[in-house]
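Understanding the architecture of this molecule
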Amino acid sequence: MANSTRSVLVVGLGRFGSSVATTLDMMGQDVLAVDKDGELVNRWSSQIPTVQADMTDVMALEQINASDFDTAVVAIGDSVEASVITAGNLLDAGISDIWAKSVSKEHARILQRIGARHIINAETDAGKRVGHLVSGNYLDYIELEGAYNVVKIHTPPHVVGYTIGDARVHERFGITVVGIKSPGKEFEYGSKELIMHRNDELIIMGKQDQIDRFIRG
C-alpha cells in the first residue's frame, strides 16, 4: 500500500483539532489548520501551517481555496451552529470527505443529515487516532499504553503473496502480525505459515516508526 499524501483542511484549533492537525503534519500530510481565534492561530503557527479565518463565511472559504482540499476535519466544539454551517459550507465547496466532531447525539444527527461522511464522538475518539485514520494509511488505529500501537491495514505490496515467515516481518521490521482477515473468510491468528494476499486486512502491532517502515516497505 502506497504511502499517499492527502491535503487536509482542519477547522478549529482547540485540543482536539490541534491534535489531529499536528498528527497529520508529523505523518507528512499536506495540512492547513484554520481558526477564527487569532491567539490560537499564533500559538500553533510555529508548528503547523495555519491561517486565521471564519469558516462560517463563504468568502473566507474562497480566499483559502478550500475546494482544493481532499478532506476536511470540522473540529469546532464550542458552537453547534458554527460547526454545522462550516460543514455545510465545505460540502458546498466540493469537499465530500468531511470528518466532523460532534458534542451530542442531536449534533451528530444534524451533521449526518447535511452529508458529513464521518462523525467523531468527541468523548470517545482521540484526536491522534482520527489523524492517523484521515491520512488514509490505516483502516483502524489503536494507541496502547507505552510505545506500541495496534493498526489495521491492507497488505502492503512488498509482502503480497508471501507467508509471514518467509517475509521475515518481525525480523526485518520489528512488528508482529497479530492476525489476518481475508475477504469472505474467518479471522486467522498470525502464524508464520499464513500467506498475506493483496486484499487481506492485517492486524499488526509495533512501534510507530516500525509500522510506518513496514507500510512503506
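Structure first, text after, so check above.
Described below are features of the structure shown in this document. Computed from a predicted model, the values in this text were never measured in an experiment.

**Topic: the nonpolar core**
Soluble, globular proteins show a tendency: their nonpolar side chains are buried together. The biggest cluster of nonpolar side chains holds 40 residues, and the ones touching the most others in it are Y138, I204 and F214. Ranked by residues supplied to this core, first place goes to helix α1 (residues 15–26) with four residues. Split by domain, this core shows at least three residues from each of two domains, domain 1 (7–120) and domain 2 (125–216). The next biggest cluster of nonpolar side chains, apart from the first, holds 23 residues, and it includes L9, M55, I95 and A116.

**Describing unusual backbone geometry**
The bulk of non-glycine residues show a negative phi, and the bulk of peptide bonds are trans. Of note in this structure, N65 is not a glycine but carries a positive phi near 55°. Following the sequence through the fold, N65 ends up in the loop between α3 (58–63) and β4 (71–74). Unusually for a residue other than glycine, R168 sits at a positive phi of about 50°. With respect to the helices and strands, R168 occurs in the loop between β8 (148–154) and α7 (169–173). A relative accessible area of 43% places R168 in the partly exposed class.

**What about the sheet that holds β4?**
Taken together, six strands build an open sheet; the order of strands is β3-β2-β1-β4-β5-β6 and the sheet is parallel. A strand with exactly one partner marks an edge of an open sheet, and here the two such strands are β3 (50–52) and β6 (118–121). Across the sheet, the mean angle separating the axes of adjacent strands is 20° when strand polarity is ignored. Alignment of strand β5 (residues 97–102) against β6, held across four bridges, turns out to be parallel. Note on β6: the bridge partner recorded for W99 is H118.

**Looking at the pairing of strand β2 (residues 30–35)**
A large share of β2 lies buried, amounting to five of its six residues. Here strand β1 (residues 7–11) runs beside β2; their pairing, made up of five bridges, is parallel. Across the sheet, the residue bridging to V8 is V31, located in β2. Taken together, β1, α1 and β2 form a β-α-β motif whose crossover is right-handed.

**Section: a nonpolar patch on the surface**
Taken together, the side chains of Y148, V178, F187, Y189 and M205 define a hydrophobic patch exposed on the protein surface, amounting to about 490 Å² of accessible area. Within the secondary structure, M205 sits in strand β11 (residues 201–207). Take M205: its relative accessible area is 31%, and that puts it in the partly exposed class.

**Structural notes on the packing of helix α4 (residues 80–92) against helix α5 (residues 105–114)**
Closest axis-to-axis distance for the α4/α5 pair is 10 Å, and the angle between their directions is 15°. In terms of axis orientation, α4 runs roughly parallel to α5. α5 is crossed by α4, and the crossing has right-handed handedness. Across the interface between the two elements, V80, S83, V84, A87, G88 and L91 from α4 touch H107, I110, L111 and I114 from α5. Looking at the contact of α4 with α5 residue by residue, the class counts come to seven nonpolar, three polar and no charged.

Rules of the game
- Residues numbered from 1 in each chain as written.
- Predicted model: local features only at pLDDT ≥ 70, side-chain atom pairs only at ≥ 80, totals over all residues.
- Heavy atoms only, no water.
- Core = buried A, V, L, I, M, F, W, Y, C linked by side-chain atoms within 4.5 Å.
- Buried < 20%, exposed > 50% of the residue type's maximum accessible area, 1.4 Å probe, protein only.
- Helix = DSSP H or I, 4+ residues; strand = E, 2+ residues; numbered from the N terminus.
- Domains from an automatic or database assignment.
- Pairing = 2+ DSSP bridges.
- Axes fitted to C-alpha atoms, helices over the stretch in contact; angles between N-to-C directions.
- Right-handed = clockwise from strand over helix to strand, strands pointing away.
- Patch = residues over 30% accessible without salt bridge, like charges linked within 9 Å, V, L, I, M, F, W, Y side chains within 5 Å.
- Areas by Shrake-Rupley, 256 points an atom, 1.4 Å probe, with all protein chains shown as cover.
- Salt bridge = Lys/Arg side-chain N within 4 Å of Asp/Glu carboxyl O.
- Parallel < 35°, antiparallel > 145°, perpendicular 65-115°, else oblique.
- Left-handed = near helix turned anticlockwise from the far one by under 90°.
- Contact = heavy atoms within 4.5 Å.
- Nonpolar A, V, L, I, M, F, W, Y, C, P; charged D, E, K, R; others polar.

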